[in-house]
Structure formats: C-alpha cells, structure tokens
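Listed below, chain by chain, are the residues.
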Amino acid sequence: MRNLLIAFFILITGGCLAQSSPDTIIKNPLEEVVITATRTERKLGNIAIPVTLISQKQLKQTGALRLNEILQEQTGLFLSAGTGSNAVGGGIFGNGIQMQGLSPDYSLILLDGEPLIGRQGGVMDLSRFAIGNIKKIEIVKGPSSSLYGSEAMAGVVNIITEDPKDNHLKASFRYGSYQTIDALVNGAISNKKTNLFYFLNRNSSKGYELDPKTPEKTLDPYRNYTMQFKLKHQFSNRTKLSLNLRYFSGKQQSFYAINSPVINIGGNGVTKDLNINPVLTHRFSEKVNSALRLYGSVYEYNQSLDSLKNSIAYYDDRFRQQFWRAENQTDIKLNKDHLFSVGAGHTVQFVRTTRYLEIKQQNLSYVFVQSDYKFNQKLNLIAGARYDHNTDFRSRFSPKLALQWKYSDQLGFQFSYGAGFKAPDFRQLYLNFINNAAQGYTIYGASEFSIEALEQQKSQGLILQILPAAYQITQLNPEISQGWNGGFRYHHQSGFLAEGNLFYNRIRELINYLPVAVQNNGTYVFSYVNQKKAFTYGGEWNIQLPLKKGFSVFAGYQFLVTGDTEVRSQIREGKVFGRDVPGGSARLMSLADYGGLLNRSRHQANLRFFYDEPAKGFSANLRFIYRSRWGVTDLDGNGFANMDKEYAKGYVQVNLSATKQIKKQIELQTGVNNLMNYIDPVNLPNIPGRQYFITIHFLFHH
Amino acid sequence: MKRLSMIAFVAGAFILTSCKKDNTPDPAVVEQKDFLVNGSATSGNFNFFSFSLGQEVPKTDSASNKWDFAMRFEKIIVNSGVSGPGQAGVQVISTPFDQVKEAPQAGYKYDTTATQLAVKADDWYIYNAQTRSFSPIAGRTFVFRTATNKYAKLEILSADPTDDNGNLVIPPTRPTKIKYKIRVAYQADGSRSLLPQ
C-alpha cells in the first residue's frame, strides 16, 4: 500500500517538472456566481450567507459518479442514514447528508432550484442522482425556509445541471471494482435561439459484501438509468423558455435470510422518479424580471419480496408520491442599491401507499418577499420572509436577516439569522399501521388519531387503559429551528481563500412518537407529538491554497457539538445514570459523559491535493477525509452514547485519481477510492472496500 | 499491613456481634451471578430465581414459595397474584443499587392479571429496534418483598443473546437463551435493611 502511495507521488512530482501554466481548478473567485442563497444571481464574494460551491472541474477530477460520493468529501457534510431508515426500501442504506449536525431529514435537496421528493424514512437517497450532467453544486448552510419553505432547516443543496451553448457530444465509459459499470452520453445541439441538452446514463454494480459472516450481501446488485433533456428557447431578448425533463429508474435486488441461516426471501425494489419543469422568464423592463415556474415530480417505490422456496409473497410495499407546483417570482430593481423580490406559489401533493387508508392530499400556499439593500459600498443587508399556509398542520412564518460588511474587495464579514421548518411528514400525519407480525402494536399518524375512537375501543374492551399522553395529541406543528451564522471570508485574486463560519442552531417542536394507550394484548398504541428540543453548534473553516506549478491544496475542518436539551437538563439535575463498560455498575452521569446526539462526529476534516497541468493534459489528486468517532447505540439504557463501546471508531478515507489526455478527443481517467481499504460493516455499510476504476472519456465538438 | 487487617477484622467482628445485641439488622448478602433464561419471547418455560438460595430453582418448584421472581426473554413475573402462591411484590426505583440502603415500606406491585404484571417493559430496559437488542437502564434497582416476606434488591447489569450453553451468539444465528448478569442482595432477618457487610 505504501508503495502505491509513493508511486503516486512520483507520478505527481514527475509531472511537476514540466512547465507550469495557469491554474484551472481554482477560478477567479470574484467572478463566480451563485444563485441559491438569495434566488437571485450574486457573486460568491458578495454574499452574506455561507455558501459552498463545487465546480464541474472538481466533480470531474475526483471521478465521482453519484451525488453522495462528492458531497461526503465536503467540509461539514456527513453521509448518514436518517432516523428509522433501514436497508429494506430506500435501496442503498439511505445515503443522505448531515449538515451542521442536523439529520438528512432536515436538508432540502433541489434540482435546478426545484425540490426533489422521494424520501425513505426521511432520507433522500443521494446515490439516485448521477453527476455526469451537473454543472455545479451550491450548498447553502443555515436555515433557509424564508425562501424555500419546508425542509430547509439545516440548509439547501442545489444541483445545477448543465446549460451549454455549444454543440458537443461527450461519452464516457467506466469499469470498476464490484463490476461497477457506468456509461453516459451527454450532448448539446444549439443554434442562435434554441439549445437542447441531453444526458443518458446507465449505472450498475454487482454490489459488495463487507461481512462474510452474514448470508446477506452488504449491498445487493443494482442498476440505474437516468435521462435528462433540457430545452431552452429564446423568443426575444426579453422572453425565454426552458423545459427540463428528468427520469430515473432504478432496480435493486433484495435478498434476506429471515429466521434462517441462508437466504430464503428475495425480490426486487424498483424506484422511479420523474421531474418536469417548464420555466418562462420575461424581462418587463430594465428593472423588472419575472419567472413563472411550473414543476411536477412523481416518485414511486415498490418492493415485493417472495419466499424463494415456495414463491409465496412475503412482503409487499408500495409508495407513490406526486408533487405539483406553480410559482411566480418577480425581481424589481427599485434603485441601483435596492433589489426587491416577491414570490408566491401553490403546491399540491398526493401520496398513496399500502400503509395509509386512502390517497392523501396536501395543499400548501405560500408567499415570500426579500429585500436586498446596499447601504453603501461596504454594507449590504438582505431581509426576507416567507409565509406557508396549509391544510394539515399549523401555518408557519419564516424570517431571515443577513448582513455583510466588506472591509475590502477581498475580505468580508457576514452574519445571518434565519428560521427554518420542516412540515410533519406523511408518516407522522397519516400512518395507520397495525403490526400483526411483531408484538401487535398500533401506530396512528396525528391526523388519523382520535381520542373518541380510543374511548370507544376501551368500552369494547380492546383497550385496557388510555394514557394521559393521549389527551395531548393535537394538530401537529412543523418542526422548527432558528439558526445563527457568523463568519468571514478572505479571497484573494490569486485564488487564495480562507473562510470561517460559526453556527448555532436551536431546534424545537421535534416530532416524537409516544405510547398513548395500552391494548388488551399488553402492547401499546402509539401516536406522534411535538416534544423534543435539541441544539447544534460549531464552526467550519476552509483554506484553499494555490501553490506553484499547478499544485493546489484544500483543507477543511468542522467542529461540532450537539445535544438534546431535555437530556442535558436531566443530567444537570442528577437524574441520569450510565455504565463505563457493558455490565458494569451504574454511575451518575455528568455533562462531560454526554456524547450528544447519536451519529454526530465532533471533528471532521479533509485535506485535498490537486495537481493540474492543462498543457500536458494531465491532472491528479489525492484526498484525505477524516471523521472522529460518533455515537451509534445505547447499551446502558440512558439513551445516549457515553461508554467507548457505544461509539463507532473514527476513520480516514483516502481517495486518489489521475486523468491524462491521450488524444485530442480522448481522455483516460483512473483512480482508487478508499485506498486504505477501511471498512466497518456495522456502522458504515455504505462505504465499500478499496475500489479501482478506469474511465475513458470522448469529447467531440462540432 | 497483615496485622492491621487482622485488627480491623477482629474489630469489625466485634462491632458486628455487638451490633447484633442492639437489634441492628444483619448485613445483606451481595452476590453477582449469571442467570440464563429462556430466550423465546412467546413460548416455553420461565426460569425461576430464589433470593434466599441465591440461585435458580427448578420449574417443579413453581407452585411453591421457593421462588421469588422468574424470567422468560425480557419478561419478569413475581411470585404472587396470577403468577404464584407467594407474597412477592416488586418496585423498580431510579436509585443505583449501591445507594438503596433500605427497602421502602410500601409501594410494591403484584402480578394482578396476565397482562398487568408488576414489572413493565419500560421500567427497566430500552429496546433498540434497529439492533434488536435491549439494554438495561443504568441506575434502576428492583426492590423485592420476597415470596416469604423478606426483602431483597436486584440490579440487571447486562442482557446478552446466547445459545443453550450461555455462549454469545451474533446474528444471523438465533439465540435460544438470554444471559443476564445480575447483582442481588438478600436480607434474611426480615428487616428492610439492605446494607451490605
């Protein structure tokens, strides 16, 4: 292994003897434009809100194929499964993203500005998204519900797809470990007024096995197809239309050994996902721009499993969600220092599943405003708010305030406050589920719950006792957060960047399930209630350092502290005990023993070296990603991690790749992911062992 | 050193015997042991435990006063009411084992019906649906009035899935037994004092 590393460095330093040339991985920072933070185009250096930008160059150089692979290398983002997710359904262990210490449930994922749907157990599986059609990814940290509404509690990830104005055709083919095959074609046909971008991708793998002791594979074989068409037409200088169409179809085998030492249950899980997004923009005058956005998305997940012995159906789960939205946003330049935006929209959602009584419909209307005002050359204020009104849970008002003070062109200080919320999800509202297989418990979503029905069941003798908690069940509130971010950003023309941001998130009204009645078989009836409070705080720092001769270094670090407010106050009151080893005697816990919320690492860091020699058509990179230990389980009944055995071990993952242009139109890329072969089958089932890959890219301009 | 401990021992013995004269209760006998019980949640026998013997007693004694509590998987029954002919009652309190110096006078619960047992699931463990394991809550102590009206305390230290011989098993092998590591203290003289030696 060490030899491989040395060989890699020799490769880099060998290439380094060549003449240096202008850097391309680090662009002129002052020219980079982002859109997600304010929903208007802003230069990255002129924005009062923490934004991370992942360029297409970076996407390409790392050789990542799916969205989860590239996001997990960014400072402050962890790949993580959400609450209640499991391997059944959701395909690949819920490859969601944790941001500022909040679970994947609380980050909004956008595709070209429109929300993606289809979460399993609260997690949007990011491996569903190919990145061969992505121009850039913008990540906004901190609550952003003032612009985006529900789910934008921790932040927003906006995947912006390509938008080429040239005629080209790209094709690439990858082969890698675990028989990973990825083939894509991506091209554009343009004339003066119209351009069409298309993208086709097939991605498949035989899956992998991290723990040979279990009969199940850690990841079952799958194959995914993605296609995208984006049509843009310019009617005039003032009026433009774009139509974006994306379709995903994924199929994954599922095999299980249920009450058996060998595989005895099997079948397929099929995910389908459609997005359609026409946008009409019109410039009424120099001062007024307006966009009408229509958006529809349909997500479907079906899993059916049969006994392999006699083909008798074992499990059948069907889920179908539809999301339809119409929205207008109008930007008005009141004067040269004041940009005012106003928008309104309506969303209708339908969901149908085997676990709800009927098709559920949700209607939501919203209006938002934002004022972007420059007091002078140095001071910029952004103030915005959004009001969401709907039928099934309480309405929500979400303000935001952001302030930037520029000391100079290079150095700025920013502060922002924002409110975020997450609407109760479908389970929490509509679940109507009696678990006949297990102990026979019953769960009702808050909208399905009725105290009258319970009392009637009690009079029939089906319910032994109604617990006091049952009388607390009312209309659910959205889960809400308030976030404060404050930091600086120094960005020099040379490409040198140093930035830091401190954050504090206060989260309330978290939805929890709790027992509300005892049934005559001794088991509970559960329902949902707004109950818990939590907090996360920490800091994030990034440095980007262009060196001589095509070298550049990126380094990032996040420090994170999280906790459940209620658990902390119980510890302070001396009510919580724990053990130092499993089976050891009980001891009073202090705050120093409290490991915070599970699945959170206190330290995360990355160190990435890039080498780029465009004149020679050669580039290479070596990336280290570190994550300190994180709590995974509770072995002493106090609900949190305090003893060593309750933590997963911290680790370093090392990835490297190199690209060489071998002909004018042909590029060869090769790489190794997880070079040190770090695996943890129990806690990191989504990280496979060492993987090699080789890719050939073709590029034709015509 | 040796002499010092000898003196301490003699002095201790003297204090203890002299205490006896003052009607001070005997020290409770503290023991730590493994208790291997049937690992099926729904069928098969319970395993019966006697505080006075400090060990498991055979199922043939189930209709007698010879046992105090019994377990099957994570279910606990006590020798009273619907479960047995004895007087046993129990309460689970949020005080660590070592700090329970005296059994409360009142507050004991009994197995009134087959579904309303003295000990409820959330009294003493947390079930983790993801790992399908349950963890005894640290700092919870069971205080018993025994089948024969004596007092005892119990702490469940750990619960591990095992095979019939008490060897740990990991999935996908299904456990047939649960091995409980327990700590018990028994006061034989009928007083409520649970102070150890």
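Q: Residues and numbers for the overall build of chain B, please.
A: If you tally the helices and strands in chain B, you get two helices and eleven strands. Each helix and strand of chain B, placed in order from N terminus to C terminus, yields the pattern α-β-β-β-β-β-β-α-β-β-β-β-β. A burial count over chain B gives 32% of its 197 residues as buried. Intrachain contacts of chain B at a sequence separation of at least 6 include 57% that bridge at least 24 residues.

Q: Go over the overall build of chain A, please, and point to the residues and values.
A: Each helix and strand counted, chain A has seven helices and 40 strands in total. Its C-alpha radius of gyration of 26 Å places chain A within 12% of the 27 Å reference for a compact globule of 702 residues. When its C-alpha atoms are laid out on the principal axes, chain A stretches across 85 × 65 × 50 Å. Across the 702 residues of chain A, 43% fall into the buried class. Expressed as a percentage of contacts within chain A between residues at least 6 apart in sequence, the contacts between residues at least 24 apart total 62%.

Q: Would you mind going over the sheet that holds strand 11 (residues 177–187) of chain B in detail, with residue names and values included?
A: Working definition: the strands of a sheet are paired by backbone hydrogen bonds and lie parallel or antiparallel to each other. All names here are of chain B. Ordered by their spatial adjacency, five strands build an open sheet running 1-11-10-9-6, and the pairing between neighbours is antiparallel. The strands lining the two open edges of the sheet, one partner per strand, are strand 1 (29–38) and strand 6 (89–93). Each strand of the sheet is rotated relative to its neighbour by a mean of 30 degrees, with strand direction disregarded. Bridge count for strand 10 (residues 151–162) against strand 11 is eleven bridges, and the pairing is antiparallel. Bridged to lysine 153 within strand 11 is alanine 185.

Q: How would you summarise the nonpolar core if you had to cite specific residues and measurements?
A: Within the largest apolar cluster, 74 residues are counted, with the highest numbers of intra-cluster contacts made by A:Val51 and A:Ile131. Setting aside anything within four residues of it in sequence, one finds A:Val51 in contact with A:Val34, A:Thr36, A:Ala37, A:Leu44, A:Glu138, A:Ile139 and A:Val140. Residues A:Ile571, A:Ala586, B:Ala152 and B:Ala185 belong to the second largest nonpolar core, which totals 51 residues.

Q: Give a detailed account of the environment of B:Pro104, specifying residues and quantitative values.
A: As for its placement among the helices and strands, B:Pro104 is situated in the loop between strand 6 and helix 2 (121–124). Once the C-alpha coordinates of B:Pro104 and B:Asp26 are considered, the two residues, 78 residues apart in sequence, prove to be 17 Å apart.

Q: Report on the sheet that holds strand 2 (residues 47–50) of chain B, specifying residues and quantitative values.
A: All names here are of chain B. One open sheet accounts for four strands, arranged 3-2-4-5; its pairing is antiparallel. Where the open sheet ends on each side, the last strands, each with one partner, are strand 3 (55–57) and strand 5 (75–78). When the angles between neighbouring strand axes are averaged without regard to direction, this sheet yields 35 degrees. Note that strand 2 and strand 3 share three bridges and pair antiparallel. Looking across to strand 3, one finds that phenylalanine 49 is bridged to glutamate 56.

Q: Let's hear about the pairing of strand 20 (residues 338–353) of chain A: which residues, and what values?
A: Residues and elements named next belong to chain A. Where strand 19 (residues 313–335) and strand 20 come together, 16 bridges link them in antiparallel fashion. Paired with glutamine 329 across the strands is glycine 343, a residue of strand 20. Taking the residues that link successive antiparallel strands as the turn, the strand 19-strand 20 hairpin has two residues. Looking at chain direction, strand 20 and strand 21 (residues 360–374) are connected through 14 bridges and run antiparallel. Across the sheet, the residue bridging to alanine 344 is valine 367, located in strand 21. Where strand 20 folds back onto strand 21 in an antiparallel hairpin, the turn is made up of six residues.

Q: Kindly report on the confidence of the model for chain A, identifying the contributing residues and their values.
A: All names here are of chain A. In this model, chain A carries a mean pLDDT of 88, and residues with pLDDT of at least 70 account for 92%. When mean pLDDT is taken per element in chain A, strand 39 (residues 666–673) scores highest with 97 and helix 1 (residues 2–16) scores lowest with 43. Low confidence marks residues 4–24, where pLDDT is under 50. Its contacts with residues over four positions away, or in another chain, come to 30 contacts. Low pLDDT (under 50) marks residues 82–93, which in the prediction has 44 contacts with non-local residues, meaning those over four places away or in another chain.

Q: Before we move on, could you go through unusual backbone geometry and cite the residues and values that matter?
A: All names here are of chain A. With a phi close to 60 degrees, glutamate 509 is a non-glycine residue in the positive phi region. Within the secondary structure, glutamate 509 sits in strand 29 (residues 497–519). Judged by local crowding, glutamate 509 falls into the partly exposed class, with 19 C-beta atoms found within 10 Å. Unusually for a residue other than glycine, lysine 549 sits at a positive phi of about 55 degrees. Within the secondary structure, lysine 549 sits in the loop between strand 30 (524–546) and strand 31 (551–564).

Q: I'd like a rundown of the confidence of the model for chain B, residues and numbers included.
A: Residue and element names in this part refer to chain B. A residue-level look at chain B finds 85% of positions with pLDDT of 70 or above and a mean pLDDT of 84. For the stretch residues 10–21, pLDDT sits under 50, and the model shows one contact to residues farther than four places along the chain or on other chains. Under the prediction, the complex receives an ipTM of 0.77, its pTM being 0.86.

Q: Please set out the environment of A:Arg600 residue by residue, giving values where relevant.
A: Residues and elements named next belong to chain A. Residue position: arginine 600 is located in the loop between strand 33 (587–588) and strand 34 (603–613). Arginine 600 sits in the buried class, given 24 other C-beta atoms within 10 Å. As a C-alpha pair, arginine 600 and glycine 631 span 31 residues in sequence and 6.7 Å in three-dimensional space. With residues near it in sequence (within four places) discarded, arginine 600 still touches Gly101, Leu560, Thr562 and Trp630.

Q: Talk me through the pairing of strand 2 of chain B; I want residue IDs and the actual numbers.
A: Side-chain direction in a regular strand flips from residue to residue, so the side chains alternate between the two faces of the sheet. Residue and element names in this part refer to chain B. Every second residue of strand 2 is oriented toward a common face, with Asn47 and Phe49 on one face and Phe48 and Ser50 on the other, all of them buried. As paired elements, strand 2 and strand 4 (residues 69–72) share three bridges and run antiparallel to each other. Bridge pairing links phenylalanine 49 to phenylalanine 69 in strand 4. What sits between the antiparallel neighbours strand 2 and strand 3 is a turn of four residues, in which glycine 54 has the positive phi angle 70 degrees.

Q: Can you tell me about the environment of B:Glu155, naming the residues and giving the values?
A: Residue and element names in this part refer to chain B. Positionally, glutamate 155 belongs in strand 10. Looking at glutamate 155, the number of C-beta atoms within 10 Å reads 23, which means it is buried. For the pair formed by glutamate 155 and glycine 44, sequence separation is 111 residues and the distance between their alpha carbons is 25 Å. When near neighbours in sequence (up to four residues on either side) are disregarded, glutamate 155 contacts Phe97, Thr141, Ile182 and Arg183.

Parameters at a glance
- Residues numbered from 1 in each chain as written.
- Chains lettered and ligands numbered in written order.
- Predicted model: local features only at pLDDT ≥ 70, side-chain atom pairs only at ≥ 80, totals over all residues.
- Helix = DSSP H or I, 4+ residues; strand = E, 2+ residues; numbered from the N terminus.
- Buried ≥ 20, exposed ≤ 12 C-beta atoms within 10 Å, placed from the backbone.
- Contact = placed C-beta atoms within 7 Å.
- Rg over C-alpha atoms; globule rule 2.2 N^0.38 Å.
- Pairing = 2+ DSSP bridges.
- Axes fitted to C-alpha atoms, helices over the stretch in contact; angles between N-to-C directions.
- Core = buried A, V, L, I, M, F, W, Y, C linked by C-beta atoms within 7 Å.
- pLDDT = per-residue confidence, 0-100.

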